[in-house]
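# Observations on the three-dimensional arrangement
So the chains spell out like this:
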Amino acid sequence: MSDPKPTIHHHDCLTGETTLREITQEEYDELIAAANKSTIDLSQYPPAEQTPDE
Amino acid sequence: MAVKSNFTDGTALPASDINSYLTNGGLVYIASTTFAGATGVEMSNCFSSTYDNYEIHTTVYGSAAINTQFQLMTGTNTKDTSAVYERIGWYWTTTFTNFNASAQPIWFNANHGTTAAQYSNSQTTIFRPNVSGVRTESRGQSYAGDSNLITYANQFTTSTTAYTGLYLFPASGNITGTITVYGYRKP
């Protein structure tokens, strides 16, 4: 993991308390796994520059 | 609070009724948090039996031009990382493109860029996340200011878990922005 260390922002909606903590290895692995498994195809992003209609 | 609709001319309005209407609109603010450089954002205890349906607004830009996504949570911050998320929708840049998907580990939220001046915004309604025995469904749309990329997605879970929270995270890098949760007041 690179610096700055990946941080999880935790907000408790009941108490209004916010805490920051370093991501755990398990959470990091799950994040990578989710990214690898998902099939979102936004291959056109960013879009090619458009030419205004004549 | 039950909605009163039988006021007539000359009816005295008790302070309690006025206060109730002032503080209990149809859409009730639950919580909001602003984050910077976060790998993920956990909104804990935002779903409960108080409301059935919720409105989620996110405003995000990131360290990379990529997507943000949701996972539903139980307990304090236990993410449902299993392949229970389904998506039916499209995105538009120069043409409409189908991006349906089954058995995903995430719900799609929005695409975003890296420019602070051009935050990506999303608006998602989540139906009955905290009701056990039913699938959770969502309907969301987003716009990424950097790219003019627009998305519209109907999504649901194949699980019938009663969820209590929501996890927002980018596919890579980190994100800066705000997430706000509202509840639809029940009669």
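Here, every reference points to the structure presented above.
What you are looking at is a predicted structure, and each value in this text was computed from that prediction instead of being measured.

## Observations concerning the overall build of chain A
Counting its regular elements, chain A contains one helix and two strands. Listing every helix and strand of chain A by position from the N terminus yields β-β-α. Out of the 54 residues belonging to chain A, those deemed buried represent 28%. Put simply, chain A shows about 4000 Å² of open surface, and 49% of that area lies on carbon and sulfur atoms.

## With respect to the environment of W90 of chain B
Residue and element names in this part refer to chain B. Locating W90 in the fold gives a position in strand β6 (residues 85–92). Taking the relative accessible area as the measure of exposure, W90 reaches 31% and is therefore partly exposed. Sequence separation of W90 and G10 is 80 residues, and the distance between their C-alpha atoms is 53 Å. In contact with W90, other than residues within four places in its own chain, are F96, T97, N98, F99, I150, T151 and Y152.

## Quick word on the interface of chain B and chain A
The interface is formed by 45 residues belonging to chain B together with 29 residues belonging to chain A. Buried surface at the junction of chain B and chain A, both sides included, amounts to about 2900 Å², of which 57% is carbon and sulfur. For the chain B face of the interface with chain A, the top three residues by lost area are T39, E42 and Y91 of chain B, together amounting to 18%. In this structure, the connection of chain B to chain A is made through two salt bridges. A salt bridge links R21 of chain A to E42 of chain B; the nearest nitrogen and oxygen atoms lie 2.5 Å apart. Across the contact surface, chain B and chain A share eleven residue pairs in polar contact (both at pLDDT 80 or more).

## So, the packing of aromatic side chains
All names here are of chain B. What the rule picks out here adds up to ten aromatic pairs over all chains. Aromatic pair F99 and F108: ring centres 5.1 Å apart, planes at 85°, arrangement edge-to-face. Members of the aromatic cluster, connected to one another through ring pairs, are F47, Y51 and Y54. Sitting above the plane of the Y167 ring, K79 keeps its charged end 4.4 Å from the centroid. Above the face of the F156 ring, R135 is positioned so that its terminal group lies 4.1 Å from the ring centre.

Cut-offs used in this document
Residues numbered from 1 in each chain as written. Chains lettered and ligands numbered in written order. Predicted model: local features only at pLDDT ≥ 70, side-chain atom pairs only at ≥ 80, totals over all residues. Heavy atoms only, no water. Helix = DSSP H or I, 4+ residues; strand = E, 2+ residues; numbered from the N terminus. Buried < 20%, exposed > 50% of the residue type's maximum accessible area, 1.4 Å probe, protein only. Areas by Shrake-Rupley, 256 points an atom, 1.4 Å probe, with all protein chains shown as cover. Contact = heavy atoms within 4.5 Å. Buried area = accessible area lost by both parts, 1.4 Å probe. Salt bridge = Lys/Arg side-chain N within 4 Å of Asp/Glu carboxyl O. Polar contact = N/O pair within 3.5 Å; in protein donor to acceptor, adjacent residues only side chain to side chain. Phe/Tyr/Trp six-rings, centres within 6.5 Å; stacked < 30°, edge-to-face > 60°. Lys NZ or Arg CZ within 6 Å of the ring centre and 35° of its normal.

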